[in-house]
Structure formats: structure tokens, C-alpha cells
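Now for the letters of each chain:
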Amino acid sequence: MIGQDILTDLNPPQREAVTHGEGPMLVLAGAGSGKTRVLTCRVAWLVREMGVRPSEILALTFTNKAAGEMKERVQGLIGQGSALWIGTFHSIFARILRRDAELLGFDRNYTIYDTDDGERVIKNILKELPESFQALKPRQLRHKISRWKNDLRTPEDVRSGGGNPADIRIADIYERYERALRANNAMDFDDLIIRPAELFRKAPEVLERYRRKFRHILIDEFQDTNRAQYNLVRMLTGDPANLCVVGDDDQSIYGWRGAEVRNILDFEEQYPGARVVRLEQNYRSSGNILDVADAVVVRNSGRKPKKLWTEKGHGDKAVVLQCANELDEADQVVTHARRVVDELGLAWREVAVLYRTNAQSRVLEEAFNRNGVRVVIIGGLRFYERKEIKDLMAYLKVIVNPSDSTSLFRIINVPTRGIGPATLSRLNQLAVGRGEPLYHVLGEADQAEGVGHKVAGRVMELHTMFEDLRQASRSASAAAVVQELIRRTRYQESLSELDTIEAQGRLENIQELVNAAEEFSERFSGEEGVSCLEAWLAETSLIAEIDFHRADADCLTLMTLHNAKGLEFPAVFVTGVEENLLPISRAWEEDNDDALEEERRLFYVGVTRAKERVYLSWAATRRRYGDLLDSGPSMFLRDIPAELVENVVSMRSQAGSFDTYARRQAKSFGRGGRGVSPIGPQPPLFGPSRSGSGGRHPAAAAAPTPSGPTFVPDPGVDEPSYRKGERVVHGRFGSGTIQDVISSMGDIRVTVRFDSGFSKKLVPRFARLLRE
DNA sequence: ATGGGCATGCTTTTT
DNA sequence: GCATGCCCAT
Ligand SMILES: Nc1ncnc2c1ncn2[C@@H]1O[C@H](COP(=O)(O)OP(=O)(O)OP(=O)(O)O)[C@@H](O)[C@H]1O
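Residues numbered from 1 in each chain as written. Chains lettered and ligands numbered in written order. Predicted model: local features only at pLDDT ≥ 70, side-chain atom pairs only at ≥ 80, totals over all residues. Heavy atoms only, no water.

A. Just the overall build of chain A, in detail. Counting its regular elements, chain A contains 31 helices and 22 strands. A burial count over chain A gives 52% of its 772 residues as buried. Put simply, of all contacts in chain A between residues at least 6 apart along the chain, 73% involve residues at least 24 apart. Per element, the accessible surface of chain A, about 35,000 Å² overall, is 49% carbon and sulfur. (Helix = DSSP H or I, 4+ residues; strand = E, 2+ residues; numbered from the N terminus. Buried < 20%, exposed > 50% of the residue type's maximum accessible area, 1.4 Å probe, protein only. Contact = heavy atoms within 4.5 Å. Areas by Shrake-Rupley, 256 points an atom, 1.4 Å probe, with all protein chains shown as cover.)

What follows is the structure in C-alpha cells.
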């Protein structure tokens with residue numbers, strides 16, 4: 001039978017999806033059911049059996065790593081594949097944009113700005129605005145603007161949309177931001193999705209070209225596409241739409257960045273006549289693991305019901321680790337990781353430790369290091385976000401795109417070369433006066449008013465260097481340019497002279513960057529009209545930390561739950577399964593049930609990464625912002641049937657409850673030291689266990705403590721009731737008036753209108769509100 | 001121009 | 001609690 005080898009390892013519904021002919025198709029299925037495998041095999045099938053040329057297939061994945069793996073596997077099946085367009089939305093459309101950027105008023109060599117660059121632009125804009133704008137935070141502004149862009153709202157839309165007055169002011173900043181990016185010949189991440197749609201509208205012939213080119217479009221992790229991405233795909237698909245999307249609404253975990261689950265839920269309406277394939281057999285996890293994950297996610301409303309089954313049997317129970325604090329938790333995780341590696345005969349690379357926030361990684365990392373276990377941490381401070389790396393990249397961006405003044409500003413005096421703020425402002429004045437980018441006046445620094453002879457000379461020297469490197473970059477490899485850049489800026493020397501441990505680390509990173517450039521240069525086979533350096537910059541701008549993740553070193557992996565999506569490990573630890581952490585407390589934001597549901601899905605994603613064993617750990621107290629936070633087990637743990645779980649209570653946790661008890665006693669009786677009784681009452685495993693946190697916040701420290709000998713704290717005591725119209729003071733937001741009081745899920749939430757004009761929904765228990 | 005000292009904000013997740 | 005960023009003194 002033809003195509004036999006492609007279909008061999010597929011079950012009947014998978015085959016149905018792989019061999020589906022023309023027209024739209026949705027593969028909607030739970031975790032580990034082989035969706036990604038379907039997509040890969042389908043690409044191979046289209047080429048081998050349907051006569052589709054590789055260059056006519058567009059496959060969109062969530063990460064570059066997933067794209068690489070898919071490419072590799074397809075190549076294995078069809079023996080070719082370099083012509084395939086497989087990549088992330090961002091990298092594919094960055095490429096498409098590069099070709100026709102001129103039609104949008106950008107140059108082909110445009111720079112891609114990351115969030116940090118975007119914030120710099122906003123900071124610059126704020127400098128030119130009156131005092132009343134200065135309280136706005138660049139970070140939040142950038143986030144807000146990004147959301148608007150993803151929702152396809154222009155500054156005009158925001159202004160006329162009848163939003164609150166604050167937003168209308170911010171629309172001005174938004175408009176300036178867009179102008180600034182254009183002046184810098186730069187695009188941010190959102191532009192990479194929005195601008196192609198703009199291009200297609202402006203130049204229908206370009207759209208037509210790509211429509212004809214991409215006869216088949218396939219999308220993985222469809223539940224995490226946003227509105228702009230959906231729109232783009234909609235434009236590109238013909239009629240009938242040869243569009244195959246694959247996803248799981250239960251794994252939608254990027255709502256906070258604009259992803260729309262509705263894209264997948266409404267697919268059948270949007271593409272009438274779409275074939276829907278459901279996969280129900282899970283090949284990854286044992287039964288208990290699936291049941292644990294299901295028990296939590298089943299509580300979500302508005303999901304497409306689905307039940308996975310497995311041939312693997314129940315397998316091991318999930319192990320719930322109750323710990324005293326985050327240090328204890330880390331020790332427990334290490335101990336059990338050792339044990340499971342031993343019991344199941346695993347390599348360290350087959351174990352993953354997951355957490356909700358990057359901040360949790362530090363304690364875990366240290367515990368593993370102490371115990372001689374090598375770990376690799378994904379995320380947190382990313383390689384291409386380190387200062388020394390960003391500096392060098394900024395030079396390269398200027399070489400490729402001289403209009404990029406944001407990058408030029410960044411490095412014009414790094415390492416220091418005597419071009420101080422005064423010089424800079426004069427140069428800038430000259431440039432602005434001429435309506436040119438800063439770079440253009442570097443060569444004539446001696447013409448600028450008030451710039452000394454010596455300094456002007458240095459500026460012109462810098463200009464010469466840029467020009468030389470620009471010249472060289474047309475033919476030389478990226479590696480050669482980087483090396484020459486480092487030599488001429490004396491970047492390494494300037495670091496070595498510092499002679500600190502920190503500088504040592506930075507030097508190593510620079511070496512690492514040179515290696516990366518070399519590796520790329522060897523791989524670079526030449527693209528029409530694109531230099532090696534340009535191609536390398538484009539790639540590095542869109543790289544994610546997870547893309548580096550390789551299975552070669554035998555290291556245990558530490559990463560966030562988000563980064564774990566799409567991966568699988570024999571043993572998985574989901575840590576910090578506590579109230580306020582998973583689900584995370586969002587006391588400072590608008591509350592809605594959607595957020596809680598997304599937390600459930602995050603838990604679901606984490607648990608379903610496990611093949612054989614899953615551990616769920618929680619700590620009774622945890623240090624956060626330097627405050628001690630009493631949290632208690634996550635509500636998710638309560639949803640798991642007892643028979644699926646094995647409970648382990650750490651030694652310190654047993655002793656710790658006594659400690660806590662003693663501390664409370666000491667507090668309420670005004671005595672220090674430990675209690676006398678060696679046997680403290682045990683706290684209930686489930687149920688509230690909170691108190692005011694200590695630390696630098698007087699409001700919290702003033703919380704009353706329970707006085708009786710029973711341990712169960714009285715939740716009413718430290719939660720004074722609030723009334724509408726009452727005046728309160730918040731540590732950060734200042735004073736305001738209570739607008740509304742609601743109680744939901746056992747929490748009291750108040751809406752406060754602060755005198756500064758902002759309204760916030762707050763949970764008084766966390767928000768440290770004081771009465772005025 | 002550097003470096004120490006202080007203040008601030010941050011911890012939700014990232015292409 | 002930590003990291004960054006700003007200010008001022010040198
Ligand atoms: N028909 C099959 N027979 C045996 N194993 C399979 C089959 N289909 C998939 N698998 C295996 O099941 C595991 C999960 O597959 P895959 O990653 O494609 O699932 P997925 O649906 O994309 O998962 P998730 O949504 O959780 O990322 C992989 O190890 C894969 O090799």
C-alpha cells in the first residue's frame with residue numbers, strides 16, 4: 001500500500017485526518033493524543049501522496065523548536081523538505097514582510113523590536129510629554145498598546161471607542177509610538193502579524209501571490225492564536241480553505257497575551273463544512289495522571305467536553321507533597337526526584353520540574369545544585385536579553401538598519417567613549433532639525449553646535465567604524481562582522497579591565513554569542529538579497545529560550561508551566577500548587593472567572609506532560625517580595641479524588657505546624673520563644689489557613705491573631721468588612737473611595753476609585769488596605 | 001565618568 | 001528579597 005510507512009503508527013481517526021483531502025479540517029483533541037504527530041504526517045502525506053510541492057505548504061507552529069522538530073521528521077518521511085515553510089507565525093511573516101516592506105513604507109532591512117526596545121521608545125516619548133503623563137509606566141503602556149494592536153484597534157479606534165479618559169490620553173502615546181517605530185524602520189512583535197494583513201489589503205496582488213503559493217496551511221496549537229493571527233490566516237485561505245488546524249481548548253494558556261480560544265471553538269461556524277476529527281486515545285500518560293488532570297479541568301465551563309482513555313492502565317498514583325515552606329519544598333522535590341530516577345531507571349533529562357512563576361526557580365535550582373544534580377533552567381533572564389548581548393546586538397542592528405536610532409542611542413557611549421548626554425542632545429537636535437535619523441549626522445558631528453573638537457572626532461570615528469562594518473557585512477559572514485565589531489569597539493577589553501566576577505560572566509556570554517554567530521554563518525546558505533548578518537539578526541530577534549532546549553546534556557529541566565507546553569517527560573513535578581500561586585492571585589487586576597479557568601488549564605497542561613509519574617507539591621508558607629505568605633493548598637487539589645492521590649507530609653511540615661502555632665501563641669501572649677508542649681495540633685490538610693503577613697507593611701502587621709488554643713484560624717477576624725463610600729489608603733495607589741463590595745468564592749473584593757483617577761478591583765486580604 | 005547609596009518595583013506567564 | 005535604575009558626590 002502506498003504511503004504505508006507514513007500511516008503505520010497511526011490509529012484510525014489519526015489516519016482520517018492525515019489523509020483528508022481538500023477543505024477545512026479541525027483536529028480537536030486532548031493532551032497526548034497525537035495531534036502534533038498528525039500534523040507532521042499530514043505534511044508528508046500531502047507531498048508524497050497528493051502531489052503537493054513542499055514549497056506550497058505552510059505549517060505554523062508555536063515555537064521554533066517545534067518547527068525544527070517537525071521539519072526534521074517530515075524530512076525523514078519524504079527525504080527532502082528545505083523548501084517547506086515551517087515556522088512560527090512571527091518568523092514566517094517576518095520573512096514575508098521583508099520581501100515587500102517597501103509597499104508599507106518600511107525598508108527591507110527593518111529591525112525587529114522586542115518588548116525592551118519598545119519600552120525604550122515609550123520612555124523617549126514620555127520625555128517629550130508634559131508632567132501629567134509622567135506617572136504612566138512605560139511597561140504598562142507598552143502592554144496596553146500591544147493589546148490594542150492585537151485586537152486590531154488603531155489609535156483612532158481607541159479615541160472614538162468611548163473608552164475611559166485615561167485611554168484616550170494613552171492613544172496619543174500609541175500614535176507617537178507607531179510613528180517612532182516607522183521612523184526607526186522597526187517593527188515590534190505585534191507588527192509582524194498586523195503589518196502583513198495591512199500589506200495584503202494595500203497590495204491585493206501580493207495577497208494573491210501567497211494565496212496561490214500556499215495551497216495548504218496547517219496550524220499547530222491553534223487554541224493559542226490571537227485575533228490578528230486568525231485574521232491573517234483567514235485572508236490567506238482560499239475557497240475551499242485548505243486549512244488544517246490542530247489544538248485543544250483545554251490547553252489554551254495564553255489568553256493574557258490576547259489568544260482567543262474562540263478561534264478553535266468557533267472554527268466550524270467560521271469554516272462551514274469543516275471536517276472535525278476527534279482523537280480520544282492518549283499515548284502519553286497512564287490513567288491516573290489523566291484522571292488527575294481531568295478532575296480539575298472538568299470544572300471549567302464552555303469547554304468542549306472530551307474524555308481521554310489509555311491502554312496503559314492506571315499506573316502510579318499522583319504524589320502530593322505537603323511542605324513547610326519553599327525551601328522544604330525544594331528539598332522534597334530533590335529527594336523524590338532522586339527516588340523516581342532510581343525507581344524507574346530514568347536519566348535526569350527525563351525529569352521536569354515545573355512552576356507558575358520564574359521567581360520560584362531560584363530555590364529549586366539551589367537545592368538541586370547543593371545535591372549535585374545538574375539542571376537546565378528555561379526562561380527567566382534570557383540569553384538575548386542580557387545587557388552585554390543586547391548591546392552588541394544593538395550595534396549590529398545599527399549596521400544593518402542605520403535608521404534604528406533606539407539602538408544607536410543605546411550604545412553610542414557603550415563602552416564609554418566620551419559622548420555624554422550633552423553631546424548627544426546636541427547631535428539629536430541637529431538630526432531632528434534636519435528631519436533625519438541620528439545616524440545621518442554622526443559623520444558631520446563637527447558641524448553640530450556646541451560639540452567640542454575632540455568629542456566630534458570621536459563621534460566621527462564611530463561613524464567610520466559603522467560605515468566600514470556596513471560595507472563588510474554585505475559580503476562577510478555574521479561571525480566575521482561580530483568579531484570585527486568586538487575588536488574595534490574594544491568591548492572585551494573594557495570588560496576585562498573591570499576585573500569582576502560579573503564581568504567574567506559577561507565575557508563568557510560574549511564568547512557564546514560569537515559561537516552562535518559562527519554556528520549560524522556555517523548554516524547560512526545565502527538567501528536572495530539578504531546578507532548573512534541580516535538573516536542572523538532576524539532569527540535571533542525571534543528566538544525563544546525553549547528553542548535552545550536540547551535533549552543532549554543529561555540535565556533535569558526547570559521551567560514554567562507555559563514553557564512545558566507540547567513537551568513530555570516520564571516524571572513531572574508541578575510545584576507551588578497553592579492558593580495564590582496556582583491559581584495565581586491576581587488581586588490587583590480586574591477579576592474574572594476566565595482567569596481562574598486559564599489557571600486550571602495551566603494545571604492541566606502541567607500534569608499531562610507526565611508519562612509515568614506526577615508529583616504535586618505545595619508549601620504552607622512561602623517568601624514573596626520578602627514577605628512571608630501563608631497560602632495553603634490549591635483549590636485544585638481539593639478537586640482531585642482521594643483515590644488518585646498518595647499524600648506525603650514532609651518532616652518539617654509536621655514540625656512546622658507546631659512552629660506556626662508557637663509563633664501565633666507568642667504573638668498573642670506577647671512572649672517570645674517556643675511553646676512548651678512538644679505536640680502541636682495539626683492543621684487541616686484542606687481549608688483556609690491564612691494570617692496577616694509580617695514584614696515592612698504596617699497594615700498587614702496590624703492584623704489581629706487568633707487567641708484560642710485551637711489552630712483553625714478565624715477568617716473573619718482579619719477581614720474587616722468594607723462599605724461603599726468608605727475612604728481607604730493603599731500602599732501603592734494612594735487614597736480612594738470604595739465604590740463597590742462583592743463577595744465571590746469566599747473572598748471579599750472591593751472596587752476602589754483612587755483619587756488619582758484609576759479604579760481597581762482589590763482583595764483587601766492581599767491588597768493591604770488601610771482605613772483613612 | 002564612575003561608583004556608591006538609595007528608591008523603586010517586581011513576580012504571572014512570552015512570541 | 002533582589003535587581004534595576006536613578007541621583008549625587010567624586
Ligand atoms: N498512533 C500512535 N501510536 C503510538 N504512539 C503515538 C501515536 N500517536 C502519538 N503517539 C505518541 O504520543 C505522544 C503524544 O503525541 P503528540 O505530542 O503528537 O500529542 P499532542 O496531542 O500534540 O500532545 P499535546 O497536546 O499534549 O502536546 C508522543 O510521544 C507520540 O509519539
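Anyway, onward from the coordinates.
B. Main features of the environment of Gln 134. Within the secondary structure, Gln 134 is located in the loop between α6 (115-127) and α7 (138-150). Look at Gln 134 and you get partly exposed, because its relative accessible area is 35%. Each C-alpha atom, one on Gln 134 and one on Lys 123, is 9.5 Å from the other, the two residues being eleven residues apart in sequence. Filtering out sequence-adjacent residues up to four positions away, Gln 134 remains in contact with Leu 126 and Leu 129.

C. Focus on the packing of helix α5 (residues 89-100) against helix α11 (residues 204-213). Look at α5 against α11: their axes get within 12 Å of each other, and the N-to-C directions meet at 135°. The angle between the axes of α5 and α11 places the two elements in the oblique class. Crossing hand, α5 versus α11: right-handed. Together, Ile 96, Arg 99 and Asp 100 of α5 and Val 206, Arg 209 and Tyr 210 of α11 make up the contact between the two elements. Of the residues contributing to the contact of α5 with α11, the split by class is three nonpolar, no polar and three charged. (Axes fitted to C-alpha atoms, helices over the stretch in contact; angles between N-to-C directions. Parallel < 35°, antiparallel > 145°, perpendicular 65-115°, else oblique. Left-handed = near helix turned anticlockwise from the far one by under 90°. Nonpolar A, V, L, I, M, F, W, Y, C, P; charged D, E, K, R; others polar.)

D. A look at the sheet that holds strand β7 (residues 243-247). Here six strands make up an open sheet; going across it, the order is β3-β2-β6-β7-β1-β8 and the pairing parallel. The strands lining the two open edges of the sheet, one partner per strand, are β3 (85-88) and β8 (275-279). In this sheet, neighbouring strand axes are inclined to one another by 15° on average, regardless of whether the strands run parallel or antiparallel. Pairing geometry for strand β1 (residues 25-29) and β8, over five bridges, is parallel. Directly across from Ala 29, in β8, lies its bridge partner Leu 279. (Pairing = 2+ DSSP bridges.)

E. Representation of the packing of aromatic side chains within the structure. Within the structure shown, the criterion is met by 16 aromatic pairs. Chaining the aromatic ring pairs together yields one cluster made of Trp 85, Phe 200, Tyr 210 and Phe 214. Looking at Arg 95, its charged tip hangs above the ring of Trp 85, at a distance of 3.9 Å from the centre. Across the ring face of Phe 62, the terminal group of Lys 565 is positioned such that the distance to the ring centre comes to 3.7 Å. (Phe/Tyr/Trp six-rings, centres within 6.5 Å; stacked < 30°, edge-to-face > 60°. Lys NZ or Arg CZ within 6 Å of the ring centre and 35° of its normal.)

F. Representation of the pattern of salt bridges. Tallied over the entire structure, the rule returns 57 salt bridges. With a shortest N-O distance of 3.7 Å, Lys 65 and Glu 69 are connected by a salt bridge. In this pair, Lys 65 and Glu 69 are both assigned in helix α4 (residues 64-78), four residues apart and thus about one turn of the helix distant. (Salt bridge = Lys/Arg side-chain N within 4 Å of Asp/Glu carboxyl O.)

G. Local environment of the sheet that holds strand β17 (residues 645-649). In spatial order, the strands read β11-β12-β10-β13-β14-β9-β17; together these seven strands make up an open sheet with parallel pairing. Unpaired on one side and paired on the other, β11 (375-377) and β17 mark the two borders of the sheet. Averaged over neighbouring strand pairs, the angle between their axes works out to 20° when direction is ignored. Note: strand β10 (residues 351-355) against strand β12 (residues 556-560), four bridges, orientation parallel. Each bridged residue has a counterpart across the sheet, and for Ala 352 the counterpart in β12 is Thr 557. Strands in contact with helix α27 (residues 593-607) are β10, β13 (569-574) and β14 (610-619); relative to β14, the strand with the most contacts, it is inclined by about 130°.

H. Focus on the environment of Leu 265. Residue position: Leu 265 is located in helix α13 (residues 262-265). Placed 17 residues apart in sequence, Leu 265 and Asp 248 show a C-alpha to C-alpha distance of 9.5 Å. In contact with Leu 265, not counting residues within four places along its chain, are Asp 249, Gly 302 and Lys 304.

I. Representation of the site of the ligand. Neighbouring residues of the ligand: 18 residues in total, closest Gln 14, Lys 35, Thr 36, Arg 37 and Glu 568. A distance of 2.6 Å separates an oxygen atom of the ligand from a polar atom in the side chain of Lys 35. The contact in question runs from an oxygen atom of the ligand to an N or O atom on the side chain of Gln 251, over 3.0 Å. Here the ligand has 630 Å² of accessible area as a free molecule, and 82% of this is covered by the chains. When residues of the shell around the ligand are assigned to their parent elements, the largest contribution, three residues, is made by helix α3 (residues 35-49). Broken down by class, the residue content of the shell around the ligand amounts to three nonpolar, nine polar and six charged. (Near = heavy atom within 4 Å. Polar contact = N/O pair within 3.5 Å; in protein donor to acceptor, adjacent residues only side chain to side chain.)

J. Main features of the environment of Leu 495. The topology assignment puts Leu 495 in helix α24 (residues 491-496). Residue classification places Leu 495 among the buried positions, given a relative accessible area of 8%. For the pair Leu 495 and Glu 512, spaced 17 residues apart in sequence, the C-alpha separation works out to 15 Å.

K. Focus on helix α20 (residues 421-434). Spanning 14 residues, α20 covers 20 Å between terminal C-alpha atoms, matching the ideal 20 Å at 1.5 Å per step. Those residues of α20 lying buried are Thr 423, Leu 424, Leu 427 and Ala 431. Buried residues in α20, looked at end-on, bunch into an arc of 95°, giving them a common side. Across from the buried face of α20, at angles greater than 90 degrees, the exposed residues are Pro 421, Gln 429, Val 432 and Gly 433. On its buried side, α20 packs onto α19 (405-411), α21 (438-442) and α22 (453-473). (Expected span 1.5 Å × (residues − 1). Arc of directions from axis to C-beta.)

L. Geometry of the nonpolar core. Ranked by internal contacts, the top residues of the largest apolar core, which has 53 residues, are Leu 396, Phe 466 and Trp 536. Top contributing element to this core by residue count: helix α18 (residues 387-400), with nine residues. Ranked by size, the runner-up nonpolar core spans 45 residues in total, among them Leu 26, Phe 93, Leu 192 and Phe 267. (Core = buried A, V, L, I, M, F, W, Y, C linked by side-chain atoms within 4.5 Å.)

M. Fine view of the state of the cysteines. For the coordinates displayed, the defined rule picks out zero disulfides. For the unlinked cysteine Cys 244, the closest cysteine sulfur is that of Cys 41, found at 12 Å. (Disulfide = S-S within 2.5 Å.)

N. Region of interest: unusual backbone geometry. For the peptide bond that leads from Leu 582 to Pro 583, omega is 10°, which places it in the cis range. Structurally, Pro 583 can be placed in the loop between β13 and α27. The backbone of Glu 221 shows a phi angle near 50°, a positive value even though the residue is not glycine. Since its relative accessible area comes to 13%, Glu 221 is described here as buried.

O. Region of interest: the packing of α18 against helix α23 (residues 478-489). Put simply, α18 and α23 touch, their axes get as near as 11 Å, and they point 110° apart. The orientation of α18 relative to α23 falls into the category roughly perpendicular. The element α18 and its partner α23 pack so that their crossing is right-handed. Across the interface between the two elements, Leu 392, Tyr 395, Leu 396 and Ile 399 of α18 pack against Val 481, Val 482, Leu 485, Ile 486 and Thr 489 of α23.

P. Geometry of α5. An ideal rise of 1.5 Å per residue puts 16 Å on twelve residues; α5 measures up with 17 Å between its terminal C-alpha atoms. The set of residues buried in α5 consists of Phe 89, Ile 92, Phe 93, Ala 94, Ile 96, Leu 97, Arg 98 and Asp 100.

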